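If you want the building blocks of each chain, they are given just below.
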Amino acid sequence: MVFGNPDTFLHYALGGLYLLCLSGLFLYGTNCYVLLLLFRRYRIKERLEYPRVLREFEASPWHKDLPKVTVQLPIYNERYVIHRLLEAVCALDYPRDRLEIQLLDDSTDDTAEIARALVAHYRQQGLSIIHVRRNNRHGFKAGALHEGMGTARGEFLAIFDADFVPPADFLRKTIPYFRNPKVGMVQARWGHTNLDYSLLTRSQSIGIDAHFSIEQGARSWGGLFLNFNGTAGIWRRQAILDAGGWQADTLTEDMDLSYRAQLAGWQLKYVLEVACPAELPVQVAAFKSQQFRWAKGSIQTARKIIPALLRADCSWFAKYQAILHLTHYLIHPLMLATIVLSLPLIHAHNWQHRSWVLVVAFFLFLFSTFGPSSLYVASQRVLYPDWRSRIRWIPLVTLVGTGIALSNSRAVVEGLLFSGGNFIRTPKFDIRRPGDLQNKLRSYWLKLDLLPPLELALGLYALFALAMTFTTLGIWISPFLFIYACGFFYISLRGIYESLDRITWKFGEPQAANSAQKGK
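Computed from a predicted model, the values in this text were never measured in an experiment.

Another aspect to go through is the sheet that holds strand β5 (residues 183-192). Across the sheet, which stays open at both edges, the 7 strands sit in the order β3-β2-β1-β4-β6-β5-β7 with mixed pairing between neighbours. On the outer flanks of this sheet lie β3 (129-133) and β7 (267-278), each paired with one strand and no other. The sheet shows a mean angle of 20° between the axes of neighbouring strands, taken without regard to direction. Where strand β1 (residues 69-75) and strand β2 (residues 99-105) come together, 7 bridges link them in parallel fashion. Bridge pairing in β2 places Leu-73 opposite Leu-103. Together, β1, β2 and β3 form the strand contacts of helix α2 (residues 82-89), whose direction differs from that of β1 by roughly 175°.

Here you go:
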(Lines give C-alpha, C1' and ligand atoms only; values in the text may rest on other atoms or scores of the structure.)
Protein backbone atom coordinates (compact mmCIF):
# COMPACT_ATOMS: atom_id res chain seq x y z
CA MET A 1 0.00 0.00 0.00
CA VAL A 2 1.57 3.28 -1.12
CA PHE A 3 0.75 6.69 0.38
CA GLY A 4 3.03 8.78 -1.86
CA ASN A 5 0.05 10.68 -3.22
CA PRO A 6 -1.33 13.12 -0.61
CA ASP A 7 -4.84 12.60 -1.95
CA THR A 8 -4.51 8.85 -1.48
CA PHE A 9 -3.33 9.32 2.09
CA LEU A 10 -6.27 11.67 2.79
CA HIS A 11 -8.72 9.16 1.33
CA TYR A 12 -7.44 6.35 3.53
CA ALA A 13 -7.31 8.63 6.58
CA LEU A 14 -10.92 9.70 6.09
CA GLY A 15 -12.02 6.12 5.52
CA GLY A 16 -10.13 4.91 8.59
CA LEU A 17 -11.56 7.65 10.82
CA TYR A 18 -15.05 6.99 9.51
CA LEU A 19 -14.82 3.27 10.23
CA LEU A 20 -13.31 3.99 13.65
CA CYS A 21 -16.34 6.11 14.60
CA LEU A 22 -18.69 3.45 13.27
CA SER A 23 -16.81 0.82 15.27
CA GLY A 24 -17.49 2.84 18.41
CA LEU A 25 -21.20 2.96 17.59
CA PHE A 26 -21.05 -0.77 16.85
CA LEU A 27 -19.51 -1.40 20.28
CA TYR A 28 -22.28 0.41 22.15
CA GLY A 29 -25.02 -0.87 19.85
CA THR A 30 -24.10 -4.55 20.09
CA ASN A 31 -23.85 -4.31 23.88
CA CYS A 32 -27.63 -3.95 23.78
CA TYR A 33 -27.76 -7.58 22.66
CA VAL A 34 -25.59 -8.56 25.64
CA LEU A 35 -27.92 -6.79 28.08
CA LEU A 36 -30.95 -8.37 26.43
CA LEU A 37 -29.43 -11.84 26.79
CA LEU A 38 -28.64 -11.17 30.46
CA PHE A 39 -32.19 -9.96 31.06
CA ARG A 40 -33.70 -13.09 29.52
CA ARG A 41 -31.30 -15.33 31.41
CA TYR A 42 -32.15 -13.93 34.85
CA ARG A 43 -35.77 -12.84 34.35
CA ILE A 44 -37.30 -16.09 35.65
CA LYS A 45 -35.05 -16.01 38.72
CA GLU A 46 -36.15 -12.44 39.48
CA ARG A 47 -39.83 -13.33 39.09
CA LEU A 48 -39.37 -15.88 41.86
CA GLU A 49 -37.25 -13.61 44.04
CA TYR A 50 -39.73 -10.74 44.34
CA PRO A 51 -42.63 -12.72 45.88
CA ARG A 52 -40.13 -14.60 48.05
CA VAL A 53 -38.78 -11.33 49.48
CA LEU A 54 -42.32 -10.17 50.27
CA ARG A 55 -43.26 -13.48 51.92
CA GLU A 56 -40.14 -13.57 54.08
CA PHE A 57 -40.73 -9.97 55.09
CA GLU A 58 -44.29 -10.69 56.19
CA ALA A 59 -43.01 -13.56 58.35
CA SER A 60 -40.25 -11.46 59.91
CA PRO A 61 -40.33 -9.16 62.99
CA TRP A 62 -39.92 -6.19 60.60
CA HIS A 63 -43.48 -6.66 59.38
CA LYS A 64 -44.84 -5.63 62.79
CA ASP A 65 -42.05 -3.20 63.65
CA LEU A 66 -41.39 -1.25 60.44
CA PRO A 67 -38.24 0.89 60.24
CA LYS A 68 -38.42 4.67 60.19
CA VAL A 69 -38.43 6.20 56.71
CA THR A 70 -37.79 9.80 55.73
CA VAL A 71 -39.27 10.80 52.39
CA GLN A 72 -37.21 13.59 50.80
CA LEU A 73 -38.78 15.79 48.13
CA PRO A 74 -36.21 18.11 46.51
CA ILE A 75 -38.08 20.80 44.53
CA TYR A 76 -37.34 24.05 42.74
CA ASN A 77 -40.11 26.22 41.25
CA GLU A 78 -42.82 23.57 40.91
CA ARG A 79 -46.09 25.52 41.28
CA TYR A 80 -47.99 23.22 38.92
CA VAL A 81 -47.08 19.85 40.46
CA ILE A 82 -46.37 20.53 44.15
CA HIS A 83 -49.97 19.76 45.17
CA ARG A 84 -50.01 16.50 43.23
CA LEU A 85 -46.66 15.45 44.72
CA LEU A 86 -47.59 16.13 48.34
CA GLU A 87 -51.01 14.55 47.94
CA ALA A 88 -49.44 11.30 46.71
CA VAL A 89 -46.64 11.24 49.30
CA CYS A 90 -48.98 12.00 52.20
CA ALA A 91 -51.18 9.10 51.07
CA LEU A 92 -48.37 6.53 51.36
CA ASP A 93 -49.53 3.41 53.17
CA TYR A 94 -47.04 3.46 56.04
CA PRO A 95 -47.45 3.98 59.80
CA ARG A 96 -47.48 7.70 60.52
CA ASP A 97 -45.24 7.33 63.57
CA ARG A 98 -42.64 5.70 61.28
CA LEU A 99 -42.90 8.19 58.42
CA GLU A 100 -41.29 11.61 58.09
CA ILE A 101 -41.61 13.90 55.05
CA GLN A 102 -39.06 16.57 54.15
CA LEU A 103 -40.01 19.11 51.49
CA LEU A 104 -36.59 20.41 50.47
CA ASP A 105 -37.67 23.62 48.77
CA ASP A 106 -35.15 25.82 46.94
CA SER A 107 -37.88 27.68 45.01
CA THR A 108 -37.59 31.33 44.07
CA ASP A 109 -41.18 31.83 42.88
CA ASP A 110 -44.61 31.43 44.46
CA THR A 111 -44.05 27.69 44.86
CA ALA A 112 -42.63 28.43 48.31
CA GLU A 113 -45.89 30.03 49.46
CA ILE A 114 -48.00 27.24 47.98
CA ALA A 115 -45.76 24.65 49.63
CA ARG A 116 -45.90 26.39 53.00
CA ALA A 117 -49.70 26.31 53.01
CA LEU A 118 -49.81 22.65 51.91
CA VAL A 119 -47.31 21.58 54.55
CA ALA A 120 -49.34 23.34 57.25
CA HIS A 121 -52.50 21.60 55.98
CA TYR A 122 -50.99 18.12 56.12
CA ARG A 123 -49.32 18.79 59.46
CA GLN A 124 -52.76 19.56 60.91
CA GLN A 125 -53.82 16.10 59.74
CA GLY A 126 -51.19 14.55 61.97
CA LEU A 127 -48.42 13.93 59.43
CA SER A 128 -44.78 14.52 60.33
CA ILE A 129 -43.89 16.91 57.51
CA ILE A 130 -41.49 19.86 57.45
CA HIS A 131 -40.76 22.59 54.92
CA VAL A 132 -37.00 23.07 54.59
CA ARG A 133 -35.75 26.31 53.00
CA ARG A 134 -32.12 27.20 52.24
CA ASN A 135 -30.54 30.61 51.84
CA ASN A 136 -28.88 29.53 48.58
CA ARG A 137 -28.89 26.71 46.03
CA HIS A 138 -25.33 25.58 46.71
CA GLY A 139 -24.88 22.08 45.35
CA PHE A 140 -28.36 22.20 43.78
CA LYS A 141 -30.21 18.89 44.33
CA ALA A 142 -27.21 17.18 45.92
CA GLY A 143 -26.83 20.10 48.32
CA ALA A 144 -30.51 19.98 49.27
CA LEU A 145 -30.41 16.23 49.92
CA HIS A 146 -27.22 16.58 51.96
CA GLU A 147 -28.75 19.29 54.12
CA GLY A 148 -31.93 17.27 54.57
CA MET A 149 -29.92 14.29 55.83
CA GLY A 150 -28.63 16.42 58.68
CA THR A 151 -32.05 16.53 60.34
CA ALA A 152 -33.70 13.40 58.89
CA ARG A 153 -34.72 10.86 61.54
CA GLY A 154 -35.26 7.91 59.22
CA GLU A 155 -32.92 4.97 58.88
CA PHE A 156 -33.99 4.87 55.23
CA LEU A 157 -34.41 7.79 52.83
CA ALA A 158 -36.96 7.62 49.99
CA ILE A 159 -36.45 10.26 47.27
CA PHE A 160 -39.02 11.56 44.78
CA ASP A 161 -38.63 14.39 42.29
CA ALA A 162 -41.49 16.84 41.83
CA ASP A 163 -42.84 15.21 38.66
CA PHE A 164 -43.35 11.79 40.28
CA VAL A 165 -46.54 10.34 41.75
CA PRO A 166 -45.59 7.43 44.04
CA PRO A 167 -48.29 4.78 44.51
CA ALA A 168 -49.64 4.31 48.02
CA ASP A 169 -47.96 0.90 48.46
CA PHE A 170 -44.53 2.06 47.28
CA LEU A 171 -42.80 1.71 50.66
CA ARG A 172 -44.56 -1.54 51.49
CA LYS A 173 -43.19 -3.09 48.29
CA THR A 174 -39.62 -1.81 48.49
CA ILE A 175 -38.65 -1.75 52.19
CA PRO A 176 -38.69 -5.59 52.40
CA TYR A 177 -35.47 -5.76 50.35
CA PHE A 178 -33.58 -4.02 53.16
CA ARG A 179 -33.90 -7.05 55.41
CA ASN A 180 -30.72 -8.04 53.61
CA PRO A 181 -28.13 -5.95 55.52
CA LYS A 182 -25.94 -5.70 52.41
CA VAL A 183 -28.59 -3.85 50.36
CA GLY A 184 -27.91 -0.11 50.27
CA MET A 185 -30.50 1.09 47.74
CA VAL A 186 -33.66 -0.11 46.00
CA GLN A 187 -34.67 1.47 42.68
CA ALA A 188 -38.21 1.22 41.28
CA ARG A 189 -39.26 1.47 37.64
CA TRP A 190 -40.41 4.77 36.16
CA GLY A 191 -43.90 4.89 34.70
CA HIS A 192 -45.55 7.66 32.68
CA THR A 193 -48.50 9.95 33.34
CA ASN A 194 -48.61 11.60 29.90
CA LEU A 195 -47.06 9.28 27.31
CA ASP A 196 -49.96 9.89 24.89
CA TYR A 197 -49.56 13.67 24.96
CA SER A 198 -47.44 13.94 21.79
CA LEU A 199 -45.04 12.10 19.52
CA LEU A 200 -42.20 13.47 21.63
CA THR A 201 -43.57 11.98 24.85
CA ARG A 202 -44.32 8.72 23.04
CA SER A 203 -40.69 8.39 21.94
CA GLN A 204 -39.39 9.28 25.40
CA SER A 205 -41.59 6.68 27.06
CA ILE A 206 -40.20 3.89 24.87
CA GLY A 207 -36.61 4.90 25.54
CA ILE A 208 -37.23 5.07 29.29
CA ASP A 209 -39.05 1.72 29.23
CA ALA A 210 -36.02 0.09 27.60
CA HIS A 211 -33.72 1.47 30.27
CA PHE A 212 -36.00 0.65 33.20
CA SER A 213 -36.89 -2.85 32.15
CA ILE A 214 -34.13 -4.47 30.09
CA GLU A 215 -31.02 -2.45 30.99
CA GLN A 216 -31.61 -1.97 34.71
CA GLY A 217 -32.95 -5.51 35.04
CA ALA A 218 -29.92 -7.03 33.31
CA ARG A 219 -27.46 -5.02 35.40
CA SER A 220 -29.17 -5.67 38.72
CA TRP A 221 -29.92 -9.36 38.28
CA GLY A 222 -26.65 -10.08 36.44
CA GLY A 223 -24.49 -8.77 39.28
CA LEU A 224 -23.27 -5.72 37.35
CA PHE A 225 -22.94 -2.12 38.51
CA LEU A 226 -26.35 -0.45 38.80
CA ASN A 227 -27.23 3.23 39.08
CA PHE A 228 -29.80 5.01 41.20
CA ASN A 229 -31.86 7.18 38.84
CA GLY A 230 -32.21 10.14 41.18
CA THR A 231 -35.83 9.48 42.15
CA ALA A 232 -38.34 6.69 42.87
CA GLY A 233 -35.83 4.89 45.04
CA ILE A 234 -34.87 4.32 48.68
CA TRP A 235 -31.42 4.58 50.25
CA ARG A 236 -30.12 3.15 53.47
CA ARG A 237 -28.60 6.09 55.33
CA GLN A 238 -25.45 4.17 56.23
CA ALA A 239 -24.79 3.34 52.57
CA ILE A 240 -24.82 7.05 51.70
CA LEU A 241 -22.45 7.83 54.58
CA ASP A 242 -20.05 4.99 53.71
CA ALA A 243 -19.94 6.21 50.10
CA GLY A 244 -18.92 9.71 51.17
CA GLY A 245 -22.34 11.37 51.07
CA TRP A 246 -23.99 13.47 48.39
CA GLN A 247 -21.45 15.34 46.27
CA ALA A 248 -22.10 18.12 43.74
CA ASP A 249 -19.00 17.90 41.53
CA THR A 250 -21.04 16.18 38.80
CA LEU A 251 -24.50 16.93 37.37
CA THR A 252 -25.55 13.31 37.96
CA GLU A 253 -25.09 13.10 41.71
CA ASP A 254 -27.31 9.99 41.69
CA MET A 255 -25.03 7.97 39.38
CA ASP A 256 -21.94 9.21 41.20
CA LEU A 257 -23.27 8.11 44.60
CA SER A 258 -24.43 4.77 43.17
CA TYR A 259 -20.98 3.81 41.96
CA ARG A 260 -19.24 5.03 45.10
CA ALA A 261 -21.63 3.00 47.23
CA GLN A 262 -21.06 -0.17 45.22
CA LEU A 263 -17.31 0.33 45.28
CA ALA A 264 -17.66 0.60 49.07
CA GLY A 265 -19.27 -2.86 49.13
CA TRP A 266 -23.00 -2.10 49.11
CA GLN A 267 -25.53 -3.87 46.87
CA LEU A 268 -28.12 -1.96 44.84
CA LYS A 269 -31.40 -3.59 43.85
CA TYR A 270 -33.83 -2.90 41.03
CA VAL A 271 -37.52 -3.87 41.26
CA LEU A 272 -39.31 -4.17 37.92
CA GLU A 273 -42.68 -4.90 39.52
CA VAL A 274 -42.93 -1.55 41.31
CA ALA A 275 -43.70 1.38 38.99
CA CYS A 276 -43.73 5.04 39.95
CA PRO A 277 -45.47 7.25 37.33
CA ALA A 278 -43.83 10.50 36.27
CA GLU A 279 -44.44 13.34 33.83
CA LEU A 280 -42.44 13.32 30.60
CA PRO A 281 -41.12 16.66 29.25
CA VAL A 282 -43.55 18.08 26.70
CA GLN A 283 -41.27 20.76 25.30
CA VAL A 284 -38.37 19.73 23.07
CA ALA A 285 -36.12 22.33 24.74
CA ALA A 286 -36.89 20.80 28.13
CA PHE A 287 -36.20 17.30 26.82
CA LYS A 288 -32.88 18.41 25.34
CA SER A 289 -31.97 20.20 28.56
CA GLN A 290 -32.68 17.05 30.56
CA GLN A 291 -30.62 14.92 28.17
CA PHE A 292 -27.83 17.50 28.23
CA ARG A 293 -27.66 17.29 32.03
CA TRP A 294 -27.63 13.50 31.99
CA ALA A 295 -24.98 13.35 29.24
CA LYS A 296 -22.66 15.89 30.84
CA GLY A 297 -23.11 14.43 34.31
CA SER A 298 -22.49 10.84 33.26
CA ILE A 299 -19.23 11.79 31.50
CA GLN A 300 -18.17 13.76 34.59
CA THR A 301 -18.94 10.70 36.68
CA ALA A 302 -16.94 8.52 34.30
CA ARG A 303 -13.90 10.80 34.73
CA LYS A 304 -14.31 10.61 38.48
CA ILE A 305 -15.14 6.93 38.94
CA ILE A 306 -13.29 4.92 36.27
CA PRO A 307 -9.82 5.08 37.95
CA ALA A 308 -11.26 3.60 41.16
CA LEU A 309 -13.39 1.20 39.13
CA LEU A 310 -10.33 -0.26 37.39
CA ARG A 311 -8.77 -0.98 40.79
CA ALA A 312 -11.95 -2.55 42.17
CA ASP A 313 -12.15 -6.20 43.20
CA CYS A 314 -14.64 -7.37 40.61
CA SER A 315 -14.63 -9.17 37.27
CA TRP A 316 -13.29 -7.51 34.17
CA PHE A 317 -16.65 -8.13 32.51
CA ALA A 318 -18.34 -6.08 35.26
CA LYS A 319 -15.75 -3.32 34.78
CA TYR A 320 -16.22 -3.38 31.02
CA GLN A 321 -20.00 -3.10 31.37
CA ALA A 322 -19.63 -0.29 33.89
CA ILE A 323 -17.36 1.68 31.56
CA LEU A 324 -19.84 1.30 28.69
CA HIS A 325 -22.60 2.39 31.06
CA LEU A 326 -20.75 5.47 32.30
CA THR A 327 -19.61 6.55 28.83
CA HIS A 328 -22.79 5.67 26.94
CA TYR A 329 -23.38 9.25 25.78
CA LEU A 330 -20.20 9.08 23.68
CA ILE A 331 -22.47 7.66 21.00
CA HIS A 332 -23.65 11.20 20.20
CA PRO A 333 -20.26 12.71 19.22
CA LEU A 334 -19.63 9.48 17.30
CA MET A 335 -22.92 10.00 15.44
CA LEU A 336 -22.01 13.60 14.76
CA ALA A 337 -18.61 12.60 13.41
CA THR A 338 -20.09 10.05 11.00
CA ILE A 339 -22.48 12.67 9.65
CA VAL A 340 -19.77 15.26 9.12
CA LEU A 341 -17.39 12.73 7.54
CA SER A 342 -20.00 11.24 5.18
CA LEU A 343 -19.94 14.00 2.57
CA PRO A 344 -16.13 14.34 2.17
CA LEU A 345 -15.87 10.56 2.01
CA ILE A 346 -18.47 10.34 -0.72
CA HIS A 347 -16.74 13.12 -2.63
CA ALA A 348 -13.15 11.91 -2.15
CA HIS A 349 -13.28 8.17 -2.55
CA ASN A 350 -13.26 6.14 -5.73
CA TRP A 351 -15.88 3.72 -4.54
CA GLN A 352 -15.39 1.35 -7.45
CA HIS A 353 -12.04 0.37 -5.93
CA ARG A 354 -12.96 0.67 -2.27
CA SER A 355 -16.51 -0.64 -2.11
CA TRP A 356 -15.51 -2.87 0.84
CA VAL A 357 -15.44 0.27 3.01
CA LEU A 358 -19.10 0.88 2.26
CA VAL A 359 -20.03 -2.75 2.85
CA VAL A 360 -18.31 -2.69 6.25
CA ALA A 361 -19.91 0.68 7.06
CA PHE A 362 -23.36 -0.67 6.14
CA PHE A 363 -23.13 -3.66 8.48
CA LEU A 364 -21.63 -1.61 11.31
CA PHE A 365 -24.51 0.85 10.97
CA LEU A 366 -27.02 -1.97 10.75
CA PHE A 367 -25.96 -3.74 13.94
CA SER A 368 -25.55 -0.42 15.77
CA THR A 369 -29.11 0.61 14.89
CA PHE A 370 -30.83 -2.71 15.52
CA GLY A 371 -29.20 -3.11 18.95
CA PRO A 372 -31.19 -0.36 20.70
CA SER A 373 -34.27 -1.23 18.64
CA SER A 374 -34.17 -4.77 20.01
CA LEU A 375 -34.26 -3.34 23.54
CA TYR A 376 -37.21 -1.14 22.64
CA VAL A 377 -39.22 -4.06 21.26
CA ALA A 378 -38.33 -6.32 24.20
CA SER A 379 -39.28 -3.69 26.77
CA GLN A 380 -42.69 -3.15 25.22
CA ARG A 381 -43.30 -6.91 25.21
CA VAL A 382 -42.32 -7.18 28.87
CA LEU A 383 -44.38 -4.21 30.11
CA TYR A 384 -47.51 -3.97 27.97
CA PRO A 385 -50.07 -6.53 26.74
CA ASP A 386 -50.74 -4.33 23.68
CA TRP A 387 -47.05 -4.11 22.81
CA ARG A 388 -47.65 -4.74 19.10
CA SER A 389 -49.53 -1.46 18.76
CA ARG A 390 -46.77 0.38 20.61
CA ILE A 391 -43.73 -0.74 18.65
CA ARG A 392 -44.85 1.23 15.60
CA TRP A 393 -43.43 4.30 17.35
CA ILE A 394 -39.91 2.87 17.60
CA PRO A 395 -38.62 4.58 14.40
CA LEU A 396 -39.52 7.90 16.04
CA VAL A 397 -37.31 7.00 19.02
CA THR A 398 -34.42 6.54 16.61
CA LEU A 399 -35.09 9.91 14.97
CA VAL A 400 -35.24 11.73 18.31
CA GLY A 401 -32.06 9.99 19.50
CA THR A 402 -30.13 11.12 16.43
CA GLY A 403 -31.71 14.59 16.42
CA ILE A 404 -30.21 15.49 19.81
CA ALA A 405 -26.71 14.38 18.78
CA LEU A 406 -25.40 17.95 18.50
CA SER A 407 -26.73 19.03 21.90
CA ASN A 408 -25.46 15.92 23.65
CA SER A 409 -22.08 16.14 21.88
CA ARG A 410 -21.67 19.57 23.40
CA ALA A 411 -22.61 18.09 26.78
CA VAL A 412 -20.00 15.35 26.41
CA VAL A 413 -17.28 17.88 25.61
CA GLU A 414 -18.22 19.97 28.64
CA GLY A 415 -18.30 16.84 30.78
CA LEU A 416 -14.78 15.93 29.69
CA LEU A 417 -13.44 19.41 30.39
CA PHE A 418 -15.34 20.70 33.43
CA SER A 419 -16.68 19.48 36.76
CA GLY A 420 -20.03 20.56 38.18
CA GLY A 421 -22.09 23.15 36.33
CA ASN A 422 -25.49 24.79 36.50
CA PHE A 423 -28.37 22.43 37.25
CA ILE A 424 -31.12 23.51 34.83
CA ARG A 425 -34.44 22.09 35.96
CA THR A 426 -36.86 20.34 33.65
CA PRO A 427 -40.19 22.27 33.70
CA LYS A 428 -43.27 20.30 34.79
CA PHE A 429 -46.86 21.32 34.10
CA ASP A 430 -49.05 18.42 35.31
CA ILE A 431 -49.95 17.74 31.70
CA ARG A 432 -51.71 14.52 30.83
CA ARG A 433 -53.72 15.20 27.65
CA PRO A 434 -53.36 17.41 24.55
CA GLY A 435 -54.77 20.83 25.26
CA ASP A 436 -53.83 20.89 28.96
CA LEU A 437 -50.98 23.29 28.29
CA GLN A 438 -53.38 25.93 26.97
CA ASN A 439 -54.71 26.33 30.49
CA LYS A 440 -51.26 26.72 32.07
CA LEU A 441 -49.08 29.77 32.50
CA ARG A 442 -45.99 29.35 30.34
CA SER A 443 -43.53 31.12 32.59
CA TYR A 444 -41.54 27.90 33.00
CA TRP A 445 -40.96 27.33 29.30
CA LEU A 446 -37.31 27.26 28.30
CA LYS A 447 -36.10 29.74 25.71
CA LEU A 448 -34.74 28.91 22.27
CA ASP A 449 -30.95 28.58 22.16
CA LEU A 450 -28.64 28.67 19.15
CA LEU A 451 -28.72 24.93 18.54
CA PRO A 452 -31.97 24.53 16.51
CA PRO A 453 -30.62 26.55 13.55
CA LEU A 454 -27.40 24.52 13.69
CA GLU A 455 -29.38 21.30 13.89
CA LEU A 456 -31.38 22.43 10.89
CA ALA A 457 -28.11 23.06 9.03
CA LEU A 458 -26.93 19.56 9.93
CA GLY A 459 -30.20 18.17 8.60
CA LEU A 460 -29.62 19.96 5.29
CA TYR A 461 -26.01 18.74 5.26
CA ALA A 462 -27.14 15.13 5.75
CA LEU A 463 -29.79 15.60 3.07
CA PHE A 464 -27.20 16.91 0.61
CA ALA A 465 -24.92 13.96 1.41
CA LEU A 466 -27.88 11.66 0.88
CA ALA A 467 -28.47 13.17 -2.57
CA MET A 468 -24.80 12.59 -3.43
CA THR A 469 -25.03 8.88 -2.56
CA PHE A 470 -27.43 8.17 -5.41
CA THR A 471 -24.69 8.91 -7.96
CA THR A 472 -22.10 6.64 -6.31
CA LEU A 473 -21.85 3.36 -4.47
CA GLY A 474 -22.37 5.49 -1.38
CA ILE A 475 -25.99 4.41 -1.65
CA TRP A 476 -24.98 1.72 0.87
CA ILE A 477 -25.06 4.33 3.64
CA SER A 478 -28.06 6.28 2.29
CA PRO A 479 -30.60 4.77 4.78
CA PHE A 480 -28.59 6.06 7.70
CA LEU A 481 -28.11 9.50 6.20
CA PHE A 482 -31.89 9.59 5.74
CA ILE A 483 -32.36 8.80 9.45
CA TYR A 484 -29.89 11.51 10.45
CA ALA A 485 -31.55 14.09 8.19
CA CYS A 486 -35.04 13.31 9.49
CA GLY A 487 -33.85 13.33 13.10
CA PHE A 488 -32.23 16.75 12.87
CA PHE A 489 -35.19 18.18 10.96
CA TYR A 490 -37.66 16.91 13.55
CA ILE A 491 -35.77 18.22 16.60
CA SER A 492 -34.79 21.56 15.07
CA LEU A 493 -38.14 22.40 13.47
CA ARG A 494 -40.08 21.40 16.56
CA GLY A 495 -37.82 23.56 18.73
CA ILE A 496 -38.22 26.54 16.41
CA TYR A 497 -42.01 26.02 16.23
CA GLU A 498 -42.32 25.92 20.03
CA SER A 499 -40.34 29.13 20.36
CA LEU A 500 -42.42 30.92 17.73
CA ASP A 501 -45.58 29.62 19.39
CA ARG A 502 -44.41 31.05 22.70
CA ILE A 503 -43.73 34.44 21.08
CA THR A 504 -47.20 34.42 19.47
CA TRP A 505 -48.79 33.54 22.80
CA LYS A 506 -46.79 36.21 24.63
CA PHE A 507 -47.69 39.07 22.32
CA GLY A 508 -51.17 37.83 21.48
CA GLU A 509 -52.31 37.59 25.11
CA PRO A 510 -50.58 40.41 26.97
CA GLN A 511 -52.76 40.15 30.05
CA ALA A 512 -51.89 36.48 30.53
CA ALA A 513 -48.25 37.25 29.92
CA ASN A 514 -48.28 40.00 32.53
CA SER A 515 -49.91 37.65 35.01
CA ALA A 516 -47.19 35.09 34.37
CA GLN A 517 -44.50 37.66 35.03
CA LYS A 518 -46.11 38.64 38.32
CA GLY A 519 -46.12 34.99 39.38
CA LYS A 520 -42.37 34.64 39.00
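Once that is clear, we can look at the packing of helix α9 (residues 284-311) against helix α10 (residues 316-326). Running from N to C, α9 and α10 point in directions that differ by 170°, and their axes come no closer than 9 Å. The pairing of α9 with α10 is recorded here as roughly antiparallel in orientation. In the packing of α9 onto α10, the handedness of the crossing is left-handed. Between α9 and α10, the contacting residues are Ser-298, Ile-299, Thr-301, Ala-302, Ile-305, Ile-306, Leu-309, Leu-310 and Arg-311 on the first element and Trp-316, Lys-319, Ala-322, Ile-323 and Leu-326 on the second. Considered class by class, the residues forming the contact of α9 with α10 number 10 nonpolar, 2 polar and 2 charged.

Another point: the pattern of salt bridges. All told, the structure shown has 28 salt bridges when counted by the stated rule. The partner of Glu-279 in a salt bridge is Arg-84, with the nearest N and O atoms 3.5 Å apart. Taken as a pair, Glu-279 in the loop between β7 and α9 and Arg-84 in helix α2 lie far apart in primary sequence, 195 residues in all. No difference in accessibility class separates Glu-279 from Arg-84, as the two residues are buried. Residues Asp-386 and Arg-390 are paired through a salt bridge, measuring 2.9 Å at the closest nitrogen-oxygen approach. What makes Arg-390 buried here is its relative accessible area of 14%. Connected via shared salt-bridge partners are Glu-49, Arg-52, Glu-56 and Lys-269.

What counts and what doesn't
Residues numbered from 1 in each chain as written. Predicted model: local features only at pLDDT ≥ 70, side-chain atom pairs only at ≥ 80, totals over all residues. Heavy atoms only, no water. Pairing = 2+ DSSP bridges. Helix = DSSP H or I, 4+ residues; strand = E, 2+ residues; numbered from the N terminus. Axes fitted to C-alpha atoms, helices over the stretch in contact; angles between N-to-C directions. Contact = heavy atoms within 4.5 Å. Parallel < 35°, antiparallel > 145°, perpendicular 65-115°, else oblique. Left-handed = near helix turned anticlockwise from the far one by under 90°. Nonpolar A, V, L, I, M, F, W, Y, C, P; charged D, E, K, R; others polar. Salt bridge = Lys/Arg side-chain N within 4 Å of Asp/Glu carboxyl O. Buried < 20%, exposed > 50% of the residue type's maximum accessible area, 1.4 Å probe, protein only.

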